[in-house]
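Close look at the chain arrangement
Now for the letters of each chain:
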Amino acid sequence: MTALEQVRKRAEADAKTYGYYLTPQPDLLQGFLEGLKINEDRYGYPLCPCRLTSGKFEYDRDIICPCDYRDPDVAEYGACYCRLYVNKAVYESKNLPEVPERRPLEKQARAYAPQVATQSAPTQGAQEKPPTPAPATQQTATQQPEVKKKLWYCKQCGYVVFREDPPYICPICKAKKEMFAEIESTVEFNG
Amino acid sequence: MEFSKVSGKKNNHKVTLYALSTCVWCKLTKQFLNENEISYEFVDVDLLGEEDKQKVRQTITSKGGSLTYPTTIIDNKVVITGFRKDKLKEALEI
């Protein structure tokens, strides 16, 4: 069990580190923190309380709070998708903006029975758009598409991350996603 | 899939709410409907089994909605994404 106070302290510390504020409305804040706590108890990680999860870590990696989309959302709208994290202007005005979902549809779709989704996709898609070659991840023998992780490095500060996509904004030097490049290597990762 | 039904004085519209049990904006939508005494049915999608989740996905996308919560469907045609009091008021004529 995670203590609510622990969730609150973690969020406060993260906001402070990145120059953000937590939502100015106490009842909303309480609700977000409770949602995070429930998800952490349920799935083992503080999943975004405003999004549907697959319950599988690798599928949910981008929506573990603070999510991948927080930094670009706060930069563009003044708040993250949930509106847990806000910038100074929003914090002071107390007017929470509408924040559209930035998470790509194909990642959202992972929350819905992946096995069914991959099997029914070709028939549904064939009527609407010309067939596209199946991504390499779907050609594997496993039932569920695997998340293919790669090594990425920030060309500005050298930060290295091993995951599906590079972050929208470098957590170290704030460089944009475009500054990330894939590291081509033949190193094998065991365990 | 079992919907929880909430009865209110105003039942001239069929209101279906797709929500998440952890989501504050979903709770506020329920609260808003309750306060305005609207009859509605809702389901917490995160608590459903895989098959039901798939059905929810098909229902929402077939009506042109996005897979975000809360999603409110009024009279099987108006889809309101997010907790939008203005849009809910307009669609529910309150």
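None of these values were measured; they are calculated from a predicted model. (Residues numbered from 1 in each chain as written. Chains lettered and ligands numbered in written order. Predicted model: local features only at pLDDT ≥ 70, side-chain atom pairs only at ≥ 80, totals over all residues.)

What to know about the interface of chain B and chain A
If you look at the interface, chain B gives 17 residues, while chain A gives 16 residues. The element that contributes the greatest number of residues to the side of chain B that touches chain A is helix α2 (residues 50-62) of chain B, accounting for four residues. Looking at the side of chain B that touches chain A residue by residue, the classes come out as seven nonpolar, five polar and five charged. (Contact = placed C-beta atoms within 7 Å. Helix = DSSP H or I, 4+ residues; strand = E, 2+ residues; numbered from the N terminus. Nonpolar A, V, L, I, M, F, W, Y, C, P; charged D, E, K, R; others polar.)

A short note on the environment of B:Asn12
With respect to the secondary-structure elements, B:Asn12 resides in the loop between β1 (4-6) and β2 (15-19). Linking B:Asn12 and B:Ile38, residues 26 residues apart in sequence, is a C-alpha distance of 8.8 Å.

What to know about helix α2 (residues 26-43) of chain A
Spanning 18 residues, α2(A) covers 26 Å between terminal C-alpha atoms, matching the ideal 26 Å at 1.5 Å per step. What α2(A) keeps buried is the set A:Gly31, A:Phe32, A:Leu33, A:Gly35, A:Leu36, A:Lys37 and A:Asn39. Looking at the buried positions of α2(A), the neighbouring elements they touch are α1 (4-18) of chain A together with α1 (24-35) of chain B. Phi turns positive one or two residues past the end of α2(A), at A:Gly44, with a value near 95 degrees. (Expected span 1.5 Å × (residues − 1). Buried ≥ 20, exposed ≤ 12 C-beta atoms within 10 Å, placed from the backbone.)

Focus: the sheet that holds β2(B)
Residue and element names in this part refer to chain B. The strand order across the open sheet built from five strands is β1-β3-β2-β4-β5, with neighbouring strands paired in mixed fashion. Sheet topology places β1 and β5 (78-81) at the edges, where each strand pairs with a single neighbour. On average, adjacent strands in this sheet sit at an angle of 20 degrees to one another, irrespective of strand direction. By the bridge criterion, four bridges tie β2 to strand β4 (residues 71-74) in an arrangement that is antiparallel. The residue of β4 that forms the bridge with Thr16 is Ile73. (Pairing = 2+ DSSP bridges. Axes fitted to C-alpha atoms, helices over the stretch in contact; angles between N-to-C directions.)

Considerations on the domain arrangement of chain A
Residues and elements named next belong to chain A. As assigned here, chain A comprises domain 1 (4-93) and domain 2 (150-182). Each of domain 1 and domain 2 has a C-alpha centre, and these two points are 21 Å apart. At the junction of the two partners, domain 1 supplies five residues and domain 2 supplies five residues. In terms of residue class, the side of domain 1 that touches domain 2 is made up of two nonpolar, no polar and three charged. (Domains from an automatic or database assignment.)

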